[in-house]
Amino acid sequence: MSTTHSIAVIGGDGIGPEVTAEALKALRAAGAQHGISFETTDYPFGGAHWKRTGETLPSSALDELRRHDAILLGAVGDPTTPPGVLEQGILLRMRFALDLYINLRPIKLLPGVRSPLRDRGPEDIDIVIVRENTQDVYIGAGGTVHEGTRNAVALQQVVETHFGIERCVRYAFETAQRRGGPLHLCDKANVLTHAHGLWRRVFAEVATEYPDVKTGEVLVDAMCMYLVSQPERFRTVVTTNMFGDIIADLGAGIAGGMGFAASANLNPGGVSMFEPVHGSAPDIAGQGKANPIAAILSAALLLDTIGHPEAGEAIRTAVNTALGEGWIDLSPGALTTSQIGDIIVGSLA
Ligand code: IPM
Ligand code: MN
């Protein structure tokens, strides 16, 4: 029996379209092996589209996105557009409007990939970061008075709600229970006593429902040190939007770099969006130099989420095999983006 899924595709800016093409290649190949096919709709949103039309992500497009089974995104960001326009107008708009309240960011050192941490192997670095994705400083609450003068006063507020924390923390406990190992809350409750005090309280409350999950609390500054000195301490980490942004990049760094960091922006009750953690890398755009593995692993998360974890796992296994067997030469200039995609698809077979 064959199932068809509809996928909205936003290649976006810079290397976004190149890596997305490889993700789709892997998605279709893994799908074919598991009786799944895809109908894709391409959307043009990104820097070029904004310059041409003044449009970032119109509400009509949001309505269309909602009607798909999933969204695959390459990258948005363009150094020739003012900072924030595309980030807020496309990426954050999607996260908020579609209520993608979980940003799942696995940090996994893959076989054959060198970590900058000496003496660390794949068994030491296998963490899932559950980043809250709809609150915190990201909502843009605040403002500036006396802008452009020496009297300027800028406020940008941390906004945390019991509701928003609870649904994220509960998702993190479910994840930790499934993965085994401890769940850490990463915060700065010693300074942000109001906002992160609320996180601690909700975390402790929800913890009573999961007596089998061992918990810990870790301050974000210490977390940064431990990620480097003892990454094996962590298995599942739940954190705020801003800290999740930062520690996920640190995590990507210890796991071999942005070329391997996948992510899922999840609305467990609706349509979800999948994107590599990396940005648009305009300096190497269009040259076939980008590593598509982060995008391909994001496609695997997509498959997990739309009900085909066996197909998602097939992609992860193919990536691990190709890397572990040394089929993918990661040295600069050795392979193009599409050659890496082809090797992974070959490894699926
Ligand atoms: C990310 C990015 C975004 C974020 C930016 C582009 C708004 O850095 O997805 O990690 O901060 O969430
Ligand atoms: Mn980021």
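Predicted model, so just to flag it, every value in this text is computed and none were measured.

1. Brief notes about the overall build of the chain
Now for step 1: Assigned secondary structure in the chain consists of 11 helices and 12 strands.
Now for step 2: Over its C-alpha atoms the chain spans a radius of gyration of 20 Å, differing by no more than 12% from the 20 Å that the globule rule assigns to 349 residues.
Now for step 3: Based on the C-alpha atoms only, the size of the chain along its principal axes is roughly 55 × 50 × 40 Å.
Now for step 4: With 349 residues in all, the chain has 52% of them scored as buried.
Now for step 5: Relative to all contacts within the chain whose residues are 6 or more apart in sequence, the contacts with residues 24 or more apart total 75%.
Now for step 6: Accessible area of the chain: about 15,000 Å², with a carbon and sulfur share of 53%.
Now for step 7: Side-chain charges in the chain split into 27 positive and 39 negative, and the spacing between the mean points of these groups amounts to 3 Å.

2. Observations regarding the site of ligand 1
Now for step 1: Every residue near ligand 1 is listed here: Glu87, Leu91, Arg95, Arg105, Arg131, Tyr138 and Asp245.
Now for step 2: Residue Arg105 places a side-chain N or O atom 2.8 Å away from an oxygen atom belonging to ligand 1.
Now for step 3: Protein chains shield 76% of the accessible area of ligand 1, which is 320 Å² for the free molecule.
Now for step 4: Tallying contributions element by element places helix H4 (residues 85-97) first for the shell around ligand 1, with 3 residues.
Now for step 5: Residue composition of the shell around ligand 1, grouped by class: 2 nonpolar, no polar and 5 charged.

3. A few points about the domain arrangement of the chain
Now for step 1: Taken domain by domain, the chain holds domain 1 (1-114 + 256-349) and domain 2 (135-253).
Now for step 2: Its C-alpha centre places domain 1 at a distance of 25 Å from the equivalent point of domain 2.
Now for step 3: Listed by partner, the interface residues are 15 residues for domain 1 and 12 residues for domain 2.
Now for step 4: Interface area, domain 1 with domain 2, both sides summed: about 1,100 Å², of which 67% is carbon and sulfur.
Now for step 5: Ranking the residues of domain 1 by area buried against domain 2 places Phe96, Tyr101 and Ile107 at the top, with a combined share of 35%.
Now for step 6: Our count for the contact surface shared by domain 1 and domain 2 stands at 1 salt bridge.
Now for step 7: We note a salt bridge from Arg167 to Asp99, for which the minimum N-O separation is 2.8 Å.
Now for step 8: Applying the counting criterion to the domain 1 and domain 2 interface returns 4 residue pairs in polar contact (both at pLDDT 80 or more).
Now for step 9: When residues of the side of domain 1 that touches domain 2 are traced back to their parent elements, those giving at least two are H4 and strand S4 (102-108).
Now for step 10: Grouping the constituent residues of the side of domain 1 that touches domain 2 by class yields 11 nonpolar, 2 polar and 2 charged.

What counts, and at which threshold
- Residues numbered from 1 in each chain as written.
- Chains lettered and ligands numbered in written order.
- Predicted model: local features only at pLDDT ≥ 70, side-chain atom pairs only at ≥ 80, totals over all residues.
- Heavy atoms only, no water.
- Helix = DSSP H or I, 4+ residues; strand = E, 2+ residues; numbered from the N terminus.
- Rg over C-alpha atoms; globule rule 2.2 N^0.38 Å.
- Buried < 20%, exposed > 50% of the residue type's maximum accessible area, 1.4 Å probe, protein only.
- Contact = heavy atoms within 4.5 Å.
- Areas by Shrake-Rupley, 256 points an atom, 1.4 Å probe, with all protein chains shown as cover.
- Lys, Arg positive; Asp, Glu negative; His and termini not counted.
- Charge placed at Lys NZ, Arg CZ, Asp CG, Glu CD.
- Near = heavy atom within 4 Å.
- Polar contact = N/O pair within 3.5 Å; in protein donor to acceptor, adjacent residues only side chain to side chain.
- Nonpolar A, V, L, I, M, F, W, Y, C, P; charged D, E, K, R; others polar.
- Domains from an automatic or database assignment.
- Buried area = accessible area lost by both parts, 1.4 Å probe.
- Salt bridge = Lys/Arg side-chain N within 4 Å of Asp/Glu carboxyl O.

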